[in-house]
Amino acid sequence: MSVIKDMTDRYIGVFDSGVGGLTLLHRAQELMPHEHFLYYADSANVPYGNKPKAEIEKLIESAISQMMRHPIKAIVLACNTATSVSATKLRATYDMPIIGMEPAVKPAMLEGDPRKTLVLATELTLQEKKYKELIKSLNAEDKVDALPLQKLVDYAEEYDFDSPELSRYMRTSFAKIDWTQYKSIVLGCTHFLYFKEMFSKYVPSHVHFIDGHDGTINHLINQVARNPFGTKPKLKCLLSGLEVANEIVQPYLNFLNQRSNRFLSSTSL
Ligand code: DGL
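The text that follows walks through the structure, step by step, so that each part is easy to find. Predicted, not measured: the structure shown is a model, and the values here were computed from it.

### Considerations on the sheet that holds strand β5 (residues 116–121)
Whether parallel or antiparallel, the strands of a sheet pair through hydrogen bonds between backbone atoms.
Thought 1: The strand order β6-β5-β7-β8 describes an open sheet built from 4 strands, whose pairing is parallel. Two strands bound the open sheet, and with one partner strand each, they are β6 (144–148) and β8 (208–210). Averaged over all pairs of adjacent strands, the angle between strand axes in this sheet comes to 25°, irrespective of strand direction.
Thought 2: Strand direction decides the pairing type here: strand β7 (residues 182–187) and β8, joined by 3 bridges, are parallel.

Pasting the structure below:
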């Protein structure tokens, strides 16, 4: 009995290099409304995706060991880059569910449309063995192209979702894409979900977006002892180990709230 109580009192740790994992946290709070979450952003070291792998490995190791000092019952690596670099080692080190994320190429391949999928992710995710093995295991070499959009991580960190510079970056990045060849885009970096509306200005409407958020959260739901109905959820935030007021992340959560409301109202029109 005391063990169960102990587990249900614990937090679910959500880790990212920066604000990208808040897109996962936001969805997880909707789907798991009675859970306590501890959000860890390695803000002092973001971005990860253009740093050497060995450096990232050390940063992640240190961040996760700091998270482990808190009462947590699972960790979600809400970061495709961190997952590709460190998930295997972390799972071998800690006796706790460690749920990772990978670009959602699998669901894209299940759609059975002969047109291709474009995977957007960080430079490191796309270079890593894990990504190459994923594509190979799905036999998707000819069905998938990849485009690193590393600078979007910086725009998200600066809370810039609509500046002329960002528009220019998007326009230039997509300039050579022949969209008639594609049916979908996989958002393979958690930071990229903030830009869904912006993307839709540059991507024709026959191309739809796929992300791994719901799949990851369903996996999490199956792995953890859930808090009882009625538990008042708590949120704790750490920036590179330092506990900070939740207000720091609130603008991002508000942005995501407003966006999903806008999507809802536009669909219902
Ligand atoms: N949000 C991260 C991801 O999903 C990493 C971004 C970065 O720090 O470069 O890959």
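### What about the packing of helix α2 (residues 21–31) against helix α11 (residues 213–223)?
Thought 1: Two elements in contact, α2 and α11, have axes whose closest approach is 10 Å; the angle formed by their N-to-C orientations is 55°. By the criterion of interaxial angle, the relationship of α2 to α11 is oblique. For the pair α2 and α11, the sense of crossing is right-handed. Contact residues: α2 offers Thr23, Leu24, Arg27, Ala28 and Leu31, while α11 offers His213, Asp214, Thr216, Ile217 and Ile221.
Thought 2: Looking at side-chain class alone, the contact of α2 with α11 contains 5 nonpolar, 3 polar and 2 charged residues.

### Considerations on the sheet that holds strand β3 (residues 72–77)
Thought 1: Strand order in the open sheet made by the 6 strands is β4-β3-β1-β2-β9-β10, with mixed pairing throughout. Looking at which strands have only one partner, the edges of the open sheet turn out to be β4 (98–99) and β10 (242–244).
Thought 2: The sheet contact formed by β3 and β4 spans 2 bridges and is parallel. Residue pairing in the sheet places Val76 in a bridge with Ile99 of β4.
Thought 3: Here helix α3 (residues 53–67) sits on the sheet and contacts β1 (11–16), β2 (36–41) and β3; the angle it forms with β1, its principal contact strand, is near 160°.

### Side note on the side chain of Asn80
Thought 1: By secondary structure assignment, the location of Asn80 is in helix α4 (residues 80–93).
Thought 2: Its relative accessible area of 5% is what places Asn80 among the buried residues.
Thought 3: Excluding its chain neighbours within four sequence positions, the residues that come into contact with Asn80 are Met101, Glu102, Pro103, Thr125, Gly188, Cys189 and Thr190.

### Observations concerning the packing of aromatic side chains
Thought 1: Counted by the stated rule, this structure contains 17 aromatic pairs.
Thought 2: Taken together, a centroid distance of 5.5 Å and an interplanar angle of 70° make the contact between Phe174 and Trp179 edge-to-face.
Thought 3: Owing to a relative accessible area of 11%, Trp179 belongs among the buried residues under this scheme.
Thought 4: Within the aromatic cluster, the residues linked to one another by ring pairs are Tyr159, Phe161, Phe174, Trp179, Tyr182, Tyr194, Phe195, Phe199, Phe209, Tyr252 and Phe255.

### So, the site of the ligand
Thought 1: Inspection of the region around the ligand gives 15 residues, with Ser17, Tyr48, Gly49, Thr81 and His191 positioned closest.
Thought 2: In this structure, Gly49 approaches the ligand through a main-chain N or O atom, which is 2.7 Å from an oxygen atom.
Thought 3: Within the complex, 100% of the 300 Å² of free accessible area of the ligand lies under protein.
Thought 4: Split into classes, the residues belonging to the shell around the ligand amount to 6 nonpolar, 8 polar and 1 charged.

### Focus: the side chain of Ser184
Thought 1: Residue placement: Ser184 occurs in strand β7.
Thought 2: Among the polar contacts made by the side chain of Ser184, one reaches the side chain of Thr117 at a distance of 2.9 Å.
Thought 3: If we skip the residues at most four places from it in the chain, Ser184 touches Ala108, Glu111, Lys116, Thr117, Leu118, Val207, His208 and Ile210.

### Quick word on the pairing of β1
Thought 1: Counting buried positions over the 6 residues of β1 gives 6, a clear majority of the element.
Thought 2: When β1 meets β2, the two strands line up parallel, connected through 6 bridges. The partner of Tyr11 across the bridge, within β2, is His36.
Thought 3: In this fold, the crossover linking β1 to β2 by way of α2 has right-handed handedness.

### Focus: helix α7 (residues 129–137)
Thought 1: Along α7, the residues that are buried comprise Tyr131, Leu134 and Ile135. The buried residues of α7 all sit within an arc of 95° when viewed along its axis, so they share a single face. Counted as exposed and oriented over 90 degrees from the buried face of α7: Lys129, Lys136 and Ser137.
Thought 2: Lining the buried residues of α7 we find α5 (105–109), β5, α6 (123–127) and β6.
Thought 3: Just beyond α7, the residue with positive phi is Asn139, at close to 60°.

The rules behind these values
- Residues numbered from 1 in each chain as written.
- Predicted model: local features only at pLDDT ≥ 70, side-chain atom pairs only at ≥ 80, totals over all residues.
- Heavy atoms only, no water.
- Pairing = 2+ DSSP bridges.
- Helix = DSSP H or I, 4+ residues; strand = E, 2+ residues; numbered from the N terminus.
- Axes fitted to C-alpha atoms, helices over the stretch in contact; angles between N-to-C directions.
- Parallel < 35°, antiparallel > 145°, perpendicular 65-115°, else oblique.
- Left-handed = near helix turned anticlockwise from the far one by under 90°.
- Contact = heavy atoms within 4.5 Å.
- Nonpolar A, V, L, I, M, F, W, Y, C, P; charged D, E, K, R; others polar.
- Buried < 20%, exposed > 50% of the residue type's maximum accessible area, 1.4 Å probe, protein only.
- Phe/Tyr/Trp six-rings, centres within 6.5 Å; stacked < 30°, edge-to-face > 60°.
- Near = heavy atom within 4 Å.
- Polar contact = N/O pair within 3.5 Å; in protein donor to acceptor, adjacent residues only side chain to side chain.
- Areas by Shrake-Rupley, 256 points an atom, 1.4 Å probe, with all protein chains shown as cover.
- Right-handed = clockwise from strand over helix to strand, strands pointing away.
- Arc of directions from axis to C-beta.

Take it as geometry only, folks, not as evidence of what the structure does.
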